[in-house]
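# Understanding the architecture of this molecule
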Amino acid sequence: LLGSPSLWRHLQPARSSHALHRTPRTMALSKLTLAPARALMRQAARGMARKPIVGGNWKCNPATASSLDELVSNFDGCAQYLDKCDVYVCPSNLHVALVKDSFKPGIKVAPQNCNFTGCGAYTGEMSVDQIKDMGMSTVLIGHSERRGEFGLPTPKESNELMATKLQYILDQGLSCVFCIGEPLPIREKGVDAVLAECANQLEDIVPILKSLEDKSRVVIAYEPVWAIGTGVAATPEQAQETHKGIRDWIAKNVDQTTADEIRIQYGGSANAKNAPELSAFPDIDGFLVGGASLKPEIADIVAAISAAK
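Read on for an overview of the structure. Bear in mind that the values here come from a model prediction, so they are computed numbers and not experimental data.

Hydrogen bonds between backbone atoms are what pair the strands of a sheet, whose relative direction is either parallel or antiparallel. Spatial ordering of the open sheet is given by β3-β2-β1-β8-β7-β6-β5-β4, a layout of eight strands whose pairing is parallel. Since the sheet does not close on itself, it has two edges, and those belong to β3 (108-109) and β4 (138-141), each with one partner. Here helix α8 (residues 191-202) sits on the sheet and contacts β5 (175-180) and β6 (218-222); the angle it forms with β5, its principal contact strand, is near 145°. Running at roughly 165° to strand β8 (residues 286-289), helix α13 (residues 298-308) makes contact with β1 (53-57), β2 (86-90) and β8 of the sheet.

Okay, here's the thing in structure tokens:
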């Protein structure tokens, strides 16, 4: 479909007797409107179509186990899109075992964290060995709320620790959602500062990404920290600019294959309202959803990106 001449004709600016009288502003707007679709077509033509992926992060919710059935049912509507979009859910650690077999087949459950090694004298930790034994295949790590955003007098999880965890996850045969992002003071300095911060969080995993054969096993979740849970999302243009910058950095510092194949999710107040517009951009491969994943609208978010890609 993406390569069909009829679709190309549909996307081209209409030619008419007024074509010669279009203003430069009108022509610029036409190009801006068509840019995401044309980029998707070029991507598909190169055989690099990436399967979208949407995750729901329940964080430390809900307060009562009796609420779990309702939250699980919110994902029922996602099942019809699984041929077009991967879906995973990150329940609170206490609830993982209670819900891991409750979702529709194909919807994965991913713990929100893991330790850096196997079982042993690691009070309060969860090992990947335990996660794997329970039949789960994906782990989320590096969320900003674990990288120091709690504001507590405890050490934040370092980039070196994130790389150690990622290697451990992959060595055990599991997949990883690897979170990165910038706080508001860095965003206010401009996109170059944002990309420098994202690069800083990725540098330690460059050797891991280079050696990884199946690039789909690592998903990068880009979350502007200032947008998480605030209701203020990055504009679609800001999100695309940052996602493209991350992908370009990966192409330069890892390799082009990894850049073409790795999936980059957007997080930070993603919801059913902004998902369709965000999904139209070629470097946005999905969403890591917080508050909206506790509501029925999570199915609308999955539907939006499934339709767009």
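What follows deals with the pairing of β5. A regular strand places its side chains so that they alternate between the two faces of the sheet. Of all six residues in β5, six are buried, a share of seventy percent or more. The alternating pattern of β5 places Ser-175, Val-177 and Cys-179 on one face and Cys-176, Phe-178 and Ile-180 on the opposite face, and all of these are buried. With four bridges joining them, β4 and β5 adopt parallel strand pairing. Directly across from Val-139, in β5, lies its bridge partner Cys-176. Pairing of β5 with β6 involves five bridges; the strand directions are parallel. Bridging from a neighbouring strand, Cys-179 pairs with Ala-221 of β6.

Put simply, α8 and helix α10 (residues 236-253) touch, their axes get as near as 10 Å, and they point 45° apart. Compared by their axis directions, α8 and α10 come out oblique. In terms of crossing hand, the pair formed by α8 and α10 is right-handed. On the side of α8, the interface is formed by Val-191, Val-194, Leu-195, Cys-198, Ala-199 and Leu-202, while α10 contributes Glu-241, Thr-242, Gly-245, Ile-246 and Trp-249. Considered class by class, the residues forming the contact of α8 with α10 number eight nonpolar, two polar and one charged.

Our focus in this paragraph is α10. Helix length check: α10, at 18 residues, gives a terminal C-alpha distance of 26 Å against a target of 26 Å (1.5 Å per residue), a fit within 8%. Listing the buried residues of α10 in full gives Pro-236, Ala-239, Gln-240, Thr-242, His-243, Gly-245, Ile-246, Arg-247, Trp-249 and Ile-250.

Right, let's talk about unusual backbone geometry for a bit. The omega angle of the peptide bond from Asn-61 to Pro-62 is -5°, so this bond is cis rather than trans. If you trace the backbone, Pro-62 turns up in the loop between β1 and α3 (68-73). Even without being a glycine, Lys-59 presents a positive backbone phi close to 50°. We note that Ser-269 has phi near 60°; this positive angle belongs to a residue other than glycine. On the secondary structure map, Ser-269 appears in the loop between β7 (263-267) and α12 (275-279). When its relative accessible area of 16% is taken as the criterion, Ser-269 is described as buried.

What follows deals with the side chain of Asn-74. Examined against the element boundaries, Asn-74 turns out to sit in the loop between α3 and β2. Apart from the residues within four sequence positions on either side, Asn-74 is in contact with Leu-294, Lys-295, Pro-296, Ile-298 and Ala-299.

With the rule as written, the count across this model stands at 11 salt bridges. Between Asp-86 and Lys-51 there is a salt bridge whose closest N-O contact spans 3.1 Å. In this pair, Asp-86 sits in strand β2 while Lys-51 sits in the loop between α2 (24-45) and β1, placing the two residues 35 residues apart along the sequence. Accessibility expressed as a relative area gives 26% for Asp-86, which makes it partly exposed. Take Lys-51: its relative accessible area is 32%, and that puts it in the partly exposed class. Put simply, Asp-283 and Arg-247 hold a salt bridge, and the shortest N to O gap is 2.6 Å.

Our focus in this paragraph is the nonpolar core. Note on soluble globular proteins: their nonpolar side chains tend to be buried together. Formed by 71 residues in total, the largest nonpolar core has its most connected members in Tyr-266 and Phe-287. When sequence neighbours within four positions are dropped, the list of residues in contact with Phe-287 reads Ile-53, Val-54, Gly-55, Gln-265, Tyr-266, Ala-270, Ala-275, Leu-278, Ser-279, Ile-301 and Ile-305. Tyr-88, Cys-90, Ala-110 and Leu-288 belong to the second-largest nonpolar core, a separate cluster that totals 10 residues.

Cut-offs used in this document
Residues numbered from 1 in each chain as written. Predicted model: local features only at pLDDT ≥ 70, side-chain atom pairs only at ≥ 80, totals over all residues. Heavy atoms only, no water. Pairing = 2+ DSSP bridges. Helix = DSSP H or I, 4+ residues; strand = E, 2+ residues; numbered from the N terminus. Contact = heavy atoms within 4.5 Å. Axes fitted to C-alpha atoms, helices over the stretch in contact; angles between N-to-C directions. Buried < 20%, exposed > 50% of the residue type's maximum accessible area, 1.4 Å probe, protein only. Parallel < 35°, antiparallel > 145°, perpendicular 65-115°, else oblique. Left-handed = near helix turned anticlockwise from the far one by under 90°. Nonpolar A, V, L, I, M, F, W, Y, C, P; charged D, E, K, R; others polar. Expected span 1.5 Å × (residues − 1). Salt bridge = Lys/Arg side-chain N within 4 Å of Asp/Glu carboxyl O. Core = buried A, V, L, I, M, F, W, Y, C linked by side-chain atoms within 4.5 Å.

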